[in-house]
Amino acid sequence: MNAFVSAISKNGADAYNVLKTALKESGQEHLANYIEEVEKEFISTDGDEVNVSATESVPPQEEKAIYTRVLTKVLQTFTEKLNLDSILISLLTEGILSADKLKDIKTQKTISDRMSAFVSEISKKGEDAYNVLKTALKESDQEYLANYIEEVEKEFTSSDGDDVNTNLSSLSATEREPPQASANELTSTPDQVLKGSDICNEIVDKSRNTKEDSVSKTAAAIKHILHVLGLTEHMKTKITTSEAIQIDLSGDESKTPKYDDIPFKFLQRLLAGNSDAMDYESYSSRKNIDSKSSGSVVDMYQRKKKRKISPLDLFLLVFQCCDPMLKQLLFQKLYICKLALPFIYTEYPSTKPVMSVWPLRSLVVETSNAEGKTVEYELFDLPSNVVSFMRFGRPNFSKSKLINGFLCDKWCETFFHKDRPLGMSTRYCSGGYVEMFVLPVISGGSGDLKQPVLLLNVRGDVKTDFTEPVYETVSRISDVTAVIVDSNTFSENNAFLEETVKRFSRVLLIFNGPIGRPNGKTFRMLQKFESNIRDCHTIRLMILSTYSEIDEKNEDVITKETREMISDLLLSDSIDPQSLEDRLDRFENLSIETDESVCCTEAKKSANSIIALMDKISLPDKWVELVTPIQHKNSKKLGMLVKESFRSKDIDSVDDIRTRMSEIRNLEESHISSSIKSLSHCLVKHQNNVSYIHYLLRWVKILLERQKRTCERRAVNSSPLRSDDVSDRTNPVNNTDSSYLEIDHIFREIGHIADSAIISKTNHYAIGFPPISDLAKVVAALVAGGYKLELLDGNNFFLPTEWIKLVLTFVHELTGQRKVLAVSVLGIQSSGKSTLLNTMFGSEFPTGSGRCTKGIQMQMIQVKQKGISDRKHPFEYVLLIDTEGVRAPELLDTHSTGYRRDNEMSTITTGIGDITLLNVMGENSSEMRDILQILVHAFLRLKLANKRSNIHKSCYFLHQNVSDMQASLKMKQGLWQSVKTLDKATEEAASFECISDITKFSEVIEFVPKSHVWYLPNAWQGHPPVARLNQKYCEMGVKLKYHLVNKSTVTHDKSFKTLKDTVLYIEDLWKGVLAENFVFSFRNSIEKKANIVLEKKMKEELWSLECSFDDIMFQKAQNSFNQCESVSSVITKKEEVILEMAHTITNLKSQTLEKMEKFFNEHDYKETMINWKEHTMKHIQTFCKDVVDNRKPEIERLSTNRKIDIVVSTLRIKHEEDLRRKSLELQKELTPSGKNIDLEKANKMFEQIWATFVEKSLSADISRSFESEYSLRKYFLECLRDIYKSHDTELQRSLSDHSFLEKSPGIRMLSESHETTGIDENDISIVSRGGKNEDASLKTIFSRAKEAVQSIYHDVDLNIKHVCQKKQDITYRDIRQFLNKVDSLMKDANTRNSSSFTFTITGILKVVVHVSCYSYFRFKQVNSTYRQSQSLESRLEMYKQIERERFFAYLMERRSEDTAACLMQHAIKDNLRVILYDKISKKVKLALNDKLPSLKHKLLLEIVTELVSEDSFISFMRYILSPRFYAQDWVQKKADHILFSDDSKLYEKLAEAEISAYMHDIEMCLSKCSKSFPGDTVIIKQWFEYFISLLTTLQLPKECFSDAEKELERMEHVNILYFKDKIIENLQSISTALLNEFKATNELTEVTWSGSNPINDLFEKVWGCPEACLFCGEPCILGYTHDGEISHKCAQHRPIGICGVFGDKENTLFLRPCHVNVVGDADAPCYIFDFKCNPQNRSPCKTGRHPFKDYKLFVSDWDIEPKSYSDCSQFWMWFMSRYDKELSSYYKAKLTNVPDWWKSIQVEDALTDLKLSYLVSSRQFS
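Here we take up helix α57 (residues 1513-1521). Most of α57 sits out of view: eight of its nine residues are buried. Inspection of α57 places F1513, S1515, F1516, M1517, R1518, Y1519, I1520 and L1521 among the buried residues, and these make up the whole buried set.

Axis separation between helix α30 (residues 690-718) and helix α33 (residues 743-760) bottoms out at 9 Å; the angle between their running directions is 125°. In terms of their interaxial angle, α30 and α33 are classed as oblique. Counted together, L697, V700, K701 and L704 of α30 and I743, I746 and F747 of α33 form the full contact between these two elements. Looking at the contact of α30 with α33, its residues break down into six nonpolar, no polar and one charged.

Tracing the backbone through its elements, the reader meets I403 in helix α18 (residues 399-407). Between the C-alpha atoms of I403 and F415, which are twelve residues apart in sequence, the distance is 7.3 Å. Here I403 is in contact with F389, F415, L455 and N457, once residues within four sequence places are set aside.

This part is about the sheet that holds strand β6 (residues 385-392). Here nine strands make up an open sheet; going across it, the order is β11-β10-β9-β6-β8-β7-β2-β3-β14 and the pairing mixed. Two strands close off the open sheet at either side, each with one partner strand: β11 (540-545) and β14 (593-594). Relative to strand β8 (residues 453-461), β6 runs parallel, the two being bridged by six bridges. When the bridges of β8 are listed, V387 appears paired with L455. Across the sheet, helix α16 (residues 311-320) touches β2 (341-346) and β8, and the angle it forms with β2 is around 85°. The sheet strands contacting helix α23 (residues 555-572) are β6, β8, β9 (480-486), β10 (506-512) and β11, and the helix crosses β11 at an angle near 170°.

The next point concerns the side chain of T1398. Residue placement: T1398 occurs in strand β26 (residues 1397-1399). On the basis of relative accessibility, which here comes to 18%, the residue T1398 falls in the buried class. If we ignore the near neighbours within four places in the chain, the residues touching T1398 are D1323, I1324, S1325 and N1390.

Moving on: the nonpolar core. Core analysis: the biggest nonpolar cluster contains 259 residues, and F1587, F1671 and F1775 have the highest contact counts within it. With 14 residues, the single largest contributor to this core is helix α55 (residues 1456-1491). For F1775, the contacting residues outside a window of four places in its chain are F1513, F1516, M1517, I1520, I1698 and L1783. Counting 153 residues, the second largest nonpolar core, distinct from the first, contains F264, F397, L439 and L526.

Residue P349 is reached from Y348 by a cis peptide bond, and omega for that bond is 5°. Position of P349 relative to the elements: it lies in the loop between β2 and β3 (353-355). Although it is not a glycine, L1301 sits at a positive phi angle of roughly 70°. With respect to the helices, strands and loops of the structure, L1301 is situated in the loop between α50 (1288-1297) and β25 (1324-1326). Positive phi, normally seen in glycine, also occurs at F1731, with a value near 55°. If you trace the backbone, F1731 turns up in the loop between β27 (1723-1725) and β28 (1745-1747).

Looking now at the packing of aromatic side chains. According to the stated counting rule, one finds 53 aromatic pairs in the structure shown. Judged by centre distance (5.6 Å) and plane angle (75°), the ring pair of W1772 and F1775 falls under edge-to-face. With a gap of three residues between them, W1772 and F1775 both fall in helix α65 (residues 1771-1778), about one helical turn apart. The class for W1772 is buried, based on a relative accessible area of 0%. Judged by its relative accessible area of 0%, F1775 is buried. A connected cluster of aromatic rings, assembled from ring pairs, spans F1513, F1516, F1771, W1772, W1774, F1775, Y1779, Y1786 and Y1787. Over the face of the ring belonging to W1797 we find R658, whose NZ or CZ atom lies 3.8 Å from the ring centre. Just above the ring of F264 sits the side chain of K864; from NZ or CZ to the centre is 4.9 Å.

What counts, and at which threshold
- Residues numbered from 1 in each chain as written.
- Predicted model: local features only at pLDDT ≥ 70, side-chain atom pairs only at ≥ 80, totals over all residues.
- Heavy atoms only, no water.
- Buried < 20%, exposed > 50% of the residue type's maximum accessible area, 1.4 Å probe, protein only.
- Helix = DSSP H or I, 4+ residues; strand = E, 2+ residues; numbered from the N terminus.
- Axes fitted to C-alpha atoms, helices over the stretch in contact; angles between N-to-C directions.
- Parallel < 35°, antiparallel > 145°, perpendicular 65-115°, else oblique.
- Contact = heavy atoms within 4.5 Å.
- Nonpolar A, V, L, I, M, F, W, Y, C, P; charged D, E, K, R; others polar.
- Pairing = 2+ DSSP bridges.
- Core = buried A, V, L, I, M, F, W, Y, C linked by side-chain atoms within 4.5 Å.
- Phe/Tyr/Trp six-rings, centres within 6.5 Å; stacked < 30°, edge-to-face > 60°.
- Lys NZ or Arg CZ within 6 Å of the ring centre and 35° of its normal.

Structural data, given as structure tokens:
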């Protein structure tokens, strides 16, 4: 636009006229008309001077004098700032102006007109007048304006010719420009001084000075500022508190911030309590210095290129962009910083005045009453006097500085003024703006004011900048008004000023200028003014001059006189103080709107109704007790009972405790107050209206605190003040947290009610509550939005676990399941912990004197990732943990209980926090020692509870109130002393825990003194009433925040938790501190979760490795063996395949190890998983070796089969011509001319030929490849004699009874033959239990022994089934493994039943030999069947069928193509059958892997859940006594059902899919062959070679089709197309025949598998570790085998009475589970420990009994998690109560000692608890 106007100007009037014409013709006629209107003003005949007359006589740009251009440029600034009177006198004296011209200038009506006339006259007079002007300015104390003129002059005369104003659109301006300038800088074109003297320039200049244009320009300027600051959208959407306190990691403090970064940096600094927040130029720590020119005199006045935004504009615009809740928080921070509060401001973009009422409601002011006692008031409710300050005109005197001096003599910068940084920047928003601050009364102070004073600073010029509503409001609420006016304005606007003053009741007129002599003009005018005012008897006027005659007064003197006069005005009339709310309510129809919306008003009504319900209950001092009775009474009892339940070892006591807990938790509607129910329903009702909920909660908080303060003031006023009661002056009411109801009590009440309802399964309707989940969602939304949440109730030391879990689970989902960096703070009471967190993070934890924080509270703060999306942050939120202070005097009943409470609280705090901030006030040695001992003890307990892990926590020591921050020597000494104190505290804490090898803090946690110890100055600066947060303290706090967060983002070896993980960890910590021994009892559930995640990942990778290996090697092995043509080549190829296996597994292993390495380095739980990394890598190595070893038998089988094929093929080649010749001779004999063929006779003749052929031709070449049946029996006998070599006599006797396995037992299954085993009473040994079971009969014990044998037979049947399902010969190795398992089952049975009986060796051998006899005949049958299908004889039988086919083809004279096609059909079918059975095993394995449980804990859960549905006690006991075999049987049945049931038929479908794929492959290859060999002169050998090469899925050996090939080679011409069609025609019959074979296999028929059993393989993969708990039989939960480096562990343990263990009482089962047994002093006889105390003799040792807690002496590789009864699995308690009669009968024991609360457990609750025990990864932590 600038270039356009300049071009028009240069081209003169013609261009100007063309412009107007073009505007009219282009639909912009209104602009053309506007130009002509302005033009008329300049050429009017009345001779009026043009406003910017300096431009009228200026020649074109080339000739235009530089001073004229300069004066044109500075005109606006002159208008606003120049003191014209003194300059005019100087110019008159120098002869520049005549007296008449001086008179003409002074008679102009407005300042703007006068200034324009003045500048025009200087321009006309030329350069001399210009120089005189500059001299006059320098001599009249306006030197800065002279300097400003010279700066502008330099811009025009600069050698580069650039116009500095090209940057004005980017807010460029001089720093010294005075306030309240017009908006021309921000909204005009880049070139403010338009080139040319034609009318265009003058029109633009003229239009700029119109009032209407000024308003629009200001609006445009504000719009532009909003755009520059990035606030345009925020003005609509509003900034929330959570957005304001976000941590932006992209910010670099060393760089100058961008404009759009400034608003949020300003907010964060202000929320941190930094009183210099508005000085945005200080945001950068780096100063921009030009080394070439910096420091010169010229550069001191060099104009900056960019105009700076006024900090006041920044604040007002950012304030308007904030939502109401953030505005309240800002007001609190402004008050803490002792900065002015916005009271009335002009709303953008409506331009209407708005009064800030809502934010004021949150402010609380401490003041002293008439008796000198300290009381609190809500600022809106504070009785005070209101004093307003305003200016009339533009006096050269800072009103804001005067008010600051009024507030305090020194260091007060409450109201922003021109001498503040950027104070001279142009302002656009402050016109009509009223800000406020309160000056309370301080007891003992020396001030003149006896009542609190509310100060109003009315910004702008009263006569021009204020609308009538603002004017009226200020005048009505003000008790005293101070009006500042300069002498010129007073002289020129005397009447207007008089009218202004008359609108106020009491006025202090501050006259800025010399009064002169008593008879002087000014003095007389003031006298007349005073007289006129006093004629109005309702107005009191006092006048104060800033001059003493002609000498200007000192600022301090003016301030003092102002304070005294205002005090006199207030006191003389005895003005009663009134609250601001009363003042506003007194005036009806107040024309200024407040910022309280309709939503706010509606929420207030709801809040008032809730408070009204409380009023009906009682007086406010009883509300805590009666409105929130659950948290006040019930939770205290519950907290004590929960701890007792965790520490009680007696089951009867636990029963009583749980009953009492249940009674407390069983809520009734009458237990909950109506106000709590009303609030809860209101929250849920408006859950979709976030604003309403925020307003509602704030109103409830405001009203509760108002009631509290009213009661406190009443209590203070009624209590006599003692002279020695210093504490009452500073903290009037002690322990008010527990005396009066607060919003925290209400949320605590809701949480505790919800927690009880969740645990007790109480229906929300029954207690008049909304749905608990809906209520939790509301609270979760608040927490996600930045509200704090109480985790631990400090009053009752109670954690509502279920409620916290529910809420934080919803928060976890709302925040996108992000990870958090937990920062906790620990310190002595009232050491400023909450203040520190609030300063660092802008949080809202309550602060104040006394014990403010109770328990543990949390708040979430988001971490922004602006500008750094290229890398993933390890966390997205910071979780702040604020705790109550330790060493609280009111909690120290005794030293031991207080110390324990502090240790428990500190353990939870440090356990949650990734970073713990230890806050120490000063360097008091005793305080340091106390707090460090507590801290070290907490870290030590965490370290000991995680012995294998680096706890990956850090601790920072913050020394507050440390003076002399720069004293480096003192800091070094402090560091050394801190380390010394830490080590001492560590040694003492280790001694307390009986640990001798830890003596230094660095042995507990990583600690670097130089970076982990910080020194902070005192938090407060100054003295009341204007004491504020120390700026250095705030800066250090923010610096520490970024240090902590940035350092954590680059921590590579640490993983961060999600909120769900954090909840889990909090629960673990809570359980740990509830137990008596934290170190022994604490278990990290995150570690359990990480273990399962790792196991799942490892199994996935190993499964992938195994599948890849099988795919590669199966195909390679088949192809390799098919290429072999001799037995020797097969042997060679087998070695090559084995070598290839080793190479392949090495490559796959490397890939898997690489993936796992990446997983360990990048996973969220890497710091935990690192403990298992070495074991995992070893396991992978072992697994790979096992894969190769397990595939070697398969390779052996394939090679053997190929050898047989080669032998058969060789025999056929050797003898087939002889067989063909005899067949042809027979054909001639059977087909005499003219006779039909006798097929029956032909068949008999072929059989004779074949028999002769085999006997004579092949007998010398056939050798048997299988062991004899006698060899199988020999293997059984050898294995039995080796296993029981020490009991040979007994073994021979048992074998003799079974005819040494030569006589079949004649049974179908072992499980049906337990009666024929031959076991009698002499085969068991009854265990004596000290006479306590003498009445138990032998018959009863023998019955249990038979049941044990029956269980063993059931398991052995399954094992036999697995052995028989192998499609291979059963060898010695198989028999040895089988008999070892049988022996193991017998030993396990003895261990399980050791409390009652054991089998003698005779009994054991009877069972083992019986099993051997049965299994021998089963195995014999299997081998026979296999021989028939896989032996050399079977291959010859296949060859026989081919020759029969050929024989009859010759006999029937079939076409050779038909015969060859039939031969190919046989070849394809026979070879495909073998391949299918090989492949189907792998396909089944892959399919079942997706359908069966893939992890052990899921398998166990499904089994037990099904047992519950089945409701069979016998099935339950089979699982309990033999979980592994039961699980194996369960998996087998599930797999059989999936594979063979009518509704699944997976086995058939898999076979059908494979057959179809092979058939399709063959058909496609035949079609391709036909296209490649179209004629009938085909070389048959080439055709078959090409056909075999095309096969992709079906790999066949070369000789496969040799019969068909030879058949066709005998023909001269072969019809290939016919041959192909015949083959395709036969494919369907092949497909049908093969598929029928697979269909014939079902659940009743026993399927066989080529290679390993896929079902058994899958079970072994899932089951993993075979071990089970020595005491209760629960299987180890780890789904992989492991050595001693990793302990065996169970997800849960059972009451050991389930396994038949009897307790101390007569004939009663032992009810305590292993978890509880290892905690207390319970002991048991040696047989319970399986006689591991005396393993050689397997008899009781000398002591006879052993404590359970010493279990590691006997099973050192086990880790049994200590738990209380309350924390143990409820499932097995339910089981024992559900099947109590059955258990009594089964064990012939009493079960009358089952606690009543076990009987009350519902099956649904039992299953839920079971899921929580097992599904650590799928339900609770999905």
